[in-house]
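Secondary and tertiary structure notes
Chain residues, written in single-letter form:
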Amino acid sequence: MEKKKVTERQSPKIFLSGSIRGGRQLLETYRFMYAALEEAGAEVLSWHVADPDLEENESKMTEQDIYDRDMGLLAKSDALIAEVTVPSTGVGYEICRALDRKIPVLCLHRPDAVVSAMVLGNPYPSLDIRAYSNESVLNEIIIKFVRAL
């Protein structure tokens, strides 16, 4: 009888994207998303998005350092999950770069958000856009996305 080699599935590497300079009013949501991703077995490469001290820490970095860090982490990612309720040029840029690199993208937003037409109207097949009404729904969407990777 031939033994089958059992391969252990690696934790998917996720780039978590959320507004930083555009406004940090959803910091607690980013922190919830980070925890949900870890609970789902994912490795969050861009942990800094959920860091309450991010602005202070990034004030010690140059814009080039921030760009290099984020693009380096994105290049190592299996997927990008973006919270797009708060408009952010940086988040939009990261979404575009991920799609260009053929990295699956999940965009999440509150139902009352005015989400950019450049996100909502984007026909890329690797882009999924979902509204969530509460943390329970948000958690369920994140878990399904991570398990499908």
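Before reading further, recall that the structure is shown in the block above.
Everything quoted here is computed from the prediction, not taken from an experiment. (Residues numbered from 1 in each chain as written. Predicted model: local features only at pLDDT ≥ 70, side-chain atom pairs only at ≥ 80, totals over all residues. Heavy atoms only, no water.)

**Observations concerning the overall build of the protein chain**
In terms of regular secondary structure, the protein chain is built from six helices and five strands. In terms of overall size, the protein chain behaves like a compact globule, its C-alpha atoms giving a radius of gyration of 16 Å where 149 residues would be expected to give roughly 15 Å. Seen through its principal axes, the protein chain has C-alpha atoms that stretch 60 × 35 × 30 Å. Every one of the 149 residues in the protein chain was classed for burial, and the buried ones make up 43%. Look at the contacts in the protein chain between residues 6 or more apart in sequence, and 66% of them connect residues 24 or more apart. (Helix = DSSP H or I, 4+ residues; strand = E, 2+ residues; numbered from the N terminus. Rg over C-alpha atoms; globule rule 2.2 N^0.38 Å. Buried < 20%, exposed > 50% of the residue type's maximum accessible area, 1.4 Å probe, protein only. Contact = heavy atoms within 4.5 Å.)

**Looking at the sheet that holds strand S3 (residues 79–83)**
Strand order across the open sheet formed by five strands is S2-S1-S3-S4-S5, with parallel pairing between neighbours. The open sheet is flanked by strand S2 (43–44) and strand S5 (127–131), the only strands paired with a single partner. Strand contacts of helix H6 (residues 135–148): S3, strand S4 (105–109) and S5, with the helix running at about 175° to S4, the strand carrying the most contacts. (Pairing = 2+ DSSP bridges. Axes fitted to C-alpha atoms, helices over the stretch in contact; angles between N-to-C directions.)

**Section: the pattern of salt bridges**
The full count for this structure, using the stated rule, is seven salt bridges. Residue Glu-63 pairs with Arg-21 through a salt bridge whose shortest N-O separation is 3.4 Å. Taken together, the positions of Glu-63 in helix H3 (residues 63–75) and Arg-21 in the loop between strand S1 (13–17) and helix H1 (27–39) put the pair 42 residues apart, joining distant regions of the chain. With relative accessibility at 53%, the residue Glu-63 sits in the exposed group. Between Arg-31 and Glu-28 there is a salt bridge whose closest N-O contact spans 3.9 Å. Residue Arg-31 and its partner Glu-28 are located together in helix H1, separated by three residues, close to a single helical turn. Three or more residues are tied together by salt bridges with common partners; here these are Glu-58, Arg-69 and Asp-70. (Salt bridge = Lys/Arg side-chain N within 4 Å of Asp/Glu carboxyl O.)

**Remarks on H6**
Taking 1.5 Å per residue as the helical rise, H6 with its 14 residues ought to reach 20 Å, and the 20 Å between its terminal C-alpha atoms agrees with that figure. Capping the start of H6, Asn-134 holds a side-chain oxygen 3.0 Å from the backbone nitrogen of Ser-136, two or three residues further along. (Expected span 1.5 Å × (residues − 1). Polar contact = N/O pair within 3.5 Å; in protein donor to acceptor, adjacent residues only side chain to side chain.)

**Concerning the side chain of Glu-58**
Position of Glu-58 relative to the elements: it lies in helix H2 (residues 54–58). Not counting the four nearest positions on each side in its chain, Glu-58 is found in contact with Ile-20, His-48, Ile-66 and Arg-69.

**Some words on the nonpolar core**
Nonpolar side chains in soluble globular proteins tend to end up buried together. If you look at the biggest cluster of nonpolar residues, it comprises 22 residues, and the most contacted ones within it are Met-33, Leu-37, Ile-81, Leu-108 and Ile-142. Elements that contribute at least two residues to this core include exactly S1, H1, S3, S4 and H6. Excluding anything up to four places from it in sequence, Leu-37 contacts Ile-14, Leu-16, Ala-42, Val-44, Ile-81, Ile-142 and Val-146. Formed by 19 residues, the second largest nonpolar core is a distinct cluster that contains Phe-15, Ala-98, Leu-99 and Ala-113. (Core = buried A, V, L, I, M, F, W, Y, C linked by side-chain atoms within 4.5 Å.)

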